[in-house]
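Residue strings, one per chain:
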Amino acid sequence: MTRDLSSPRSFRDPDAFLVEHEGRLIRAVRAHALADFRRALEDPVVRSCMEQGRLVKTTALPRDDRPPQLAAFDGDCFLHERIPFVGQPCEWAPEMLAAAGALTLEFSRALLPRGLQLKDATPANVLFRNSEPVFVDLPSIVKREPGSCLWIARHQFETTFLLPLIASVESGLPIAWTLSNPVAGLSHETLAGVLGARRWLKPGLWRTVALPAALAARAASGNGAPRAMKAASEKQAQYILERSLAGLDRQLGKRVAALSARSSHWHTYTVTRAHYGDADLETKRAFVADAVEATKPGLTLDIGANTGEFSEIAARHGEVVALDIDERSVAAIWRRAREKKLPILPLVGNFGRPTPAVGWRNRELDSLLARADGHFDLVLMLAVVHHLRVTEGVPMAEQFEAVAALTRRHLLVEFVPAADPMFAAIARGREPLYPDCVRPAFETALVKRFAIERTRELPNGRVLYLARRRDA
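Calculation notes
- Residues numbered from 1 in each chain as written.
- Predicted model: local features only at pLDDT ≥ 70, side-chain atom pairs only at ≥ 80, totals over all residues.
- Heavy atoms only, no water.
- Buried < 20%, exposed > 50% of the residue type's maximum accessible area, 1.4 Å probe, protein only.
- Helix = DSSP H or I, 4+ residues; strand = E, 2+ residues; numbered from the N terminus.
- Arc of directions from axis to C-beta.
- Contact = heavy atoms within 4.5 Å.
- 1 Å grid on protein atoms, 1.4 Å probe; cavity = no way out; pocket = protein on both sides within 12 Å on 5 of 7 lines; lining within 4 Å.
- Points joined across faces, edges and corners; volume = space filled by probe spheres on them.
- Nonpolar A, V, L, I, M, F, W, Y, C, P; charged D, E, K, R; others polar.
- Core = buried A, V, L, I, M, F, W, Y, C linked by side-chain atoms within 4.5 Å.

Observations concerning helix α15 (residues 396-404)
Inspection of α15 places M396, Q399, F400, V403 and A404 among the buried residues, and these make up the whole buried set. Buried residues along α15 cover an arc of 135° about the axis, so they all sit on one side. Buried residues belonging to α15 abut β12 (376-381), α14 (385-390), β13 (407-415), α17 (439-447), β14 (450-457) and β15 (463-469).

In structure tokens, the structure reads:
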């Protein structure tokens, strides 16, 4: 009976499942797993991590406060804090994946002296609260067998954290591809094939990629299957495990250092946007700042965040999800938000081709649009409508229809005329194919779903609009 109640996101876990009820996120732990769950929840290290915000805050839910569907449940229920917006691992920049991996290792090392370990270690166990990773899968904390010097989740950690980062650094493979399945990630054999012998034999890679791939092939043939490893004493086991975890942490650090030197066109957009004069930029910044001050959004979605400049303006009044197609731009926004402690969650995504629902029966991980549906007070679409119109072929009316489903109140949007140099750069001589990209047609499409509250034309011919959803 209880299996039918579980959230599709947690149906694989035999010990516990999630239930969402009236805005609350409830973890229902089955009777057979309760002792271990309570032991972990009461552990001083776990409590300390919760207080520091590195582990999702969890409290016991009184029986009389359970939702009706859990009234007859024979286990216990616990209430989790909600993270403002759920970003999937395939939407992270590589540096964010590394930060989530570092948190997983840090938590594992802290649990080690407590006789505990993580039974699984994947990016799916981590969410980002703005720019900071938070571990959210408490049922994955289990007792470690005394004397065991093998971390049972090591292989999973390598395939879902370390190997996708190596693929990003060595071959430029996007995280969206390598973590389309955040539980399986990228196998050693697949990465060895992608890199080729000349690259995976280089120092620092043959042990991480080539040797495990060869051992996996041997195990698949029925020879050399891995065996449990036991140390002479528990103290020795802890020492071996600590060194193993520290080695993985160093591997992550090497990949982050290599990523910091990479760049992209949009990543350096602030120094290449010659189509904006000083007056254009100052007028635009002032308009956005005034609009944010007037609307006071609690949660903003910045579509096409680019450098994150306007996400930072919106962050003065609330939390921001900054969406951009470019990994390097998202990485730069994330680093800056983390350094300045800004309430910004940057994600890699294309609004024209948003992240789909995936997993078993396409129900384990919600699509980007499902997660964003009616979630925001303000949506920013600054210099992005013409990209969606030309590059993705999405009519403007369709764009405003889609955005109206995401914002509860306001839209701040920028019109870019066909004569604009950036429009010409992406149209590449096909400007006559877009006769609807004129201001009257833009406004006609906009007012079908939004009421225009204020406008401002920039010296370069672009026009800014603050509009409110008609039924808000």
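Here we look at empty space enclosed by the protein
All told, the structure shown has six cavities of 30 Å³ or more when counted by the stated rule. Estimated volume of the largest cavity: approximately 70 Å³. Looking at the lining of the largest cavity, the elements with two or more residues in it are β5 (116-118) and α9 (234-259). Considering each element in turn, the lining of the largest cavity owes the most residues, three residues, to β5. Classifying every residue of the lining of the largest cavity by side-chain character gives six nonpolar, two polar and one charged. Volume-wise, the second largest cavity comes out at about 60 Å³. Looking at the lining of the second largest cavity, the elements that each hand over two or more residues are β9 (299-303), β10 (319-324) and α13 (368-372). For the lining of the second largest cavity, the per-class residue count stands at eleven nonpolar, no polar and no charged.

Let's talk about the nonpolar core
W151, M381 and F400 are the most contacted members of the largest nonpolar core, which has 94 residues in total. The element contributing the most residues to this core is helix α3 (residues 94-111), with nine residues. Within the second largest apolar cluster, 22 residues are counted, among which are A291, I313, A322 and L378.

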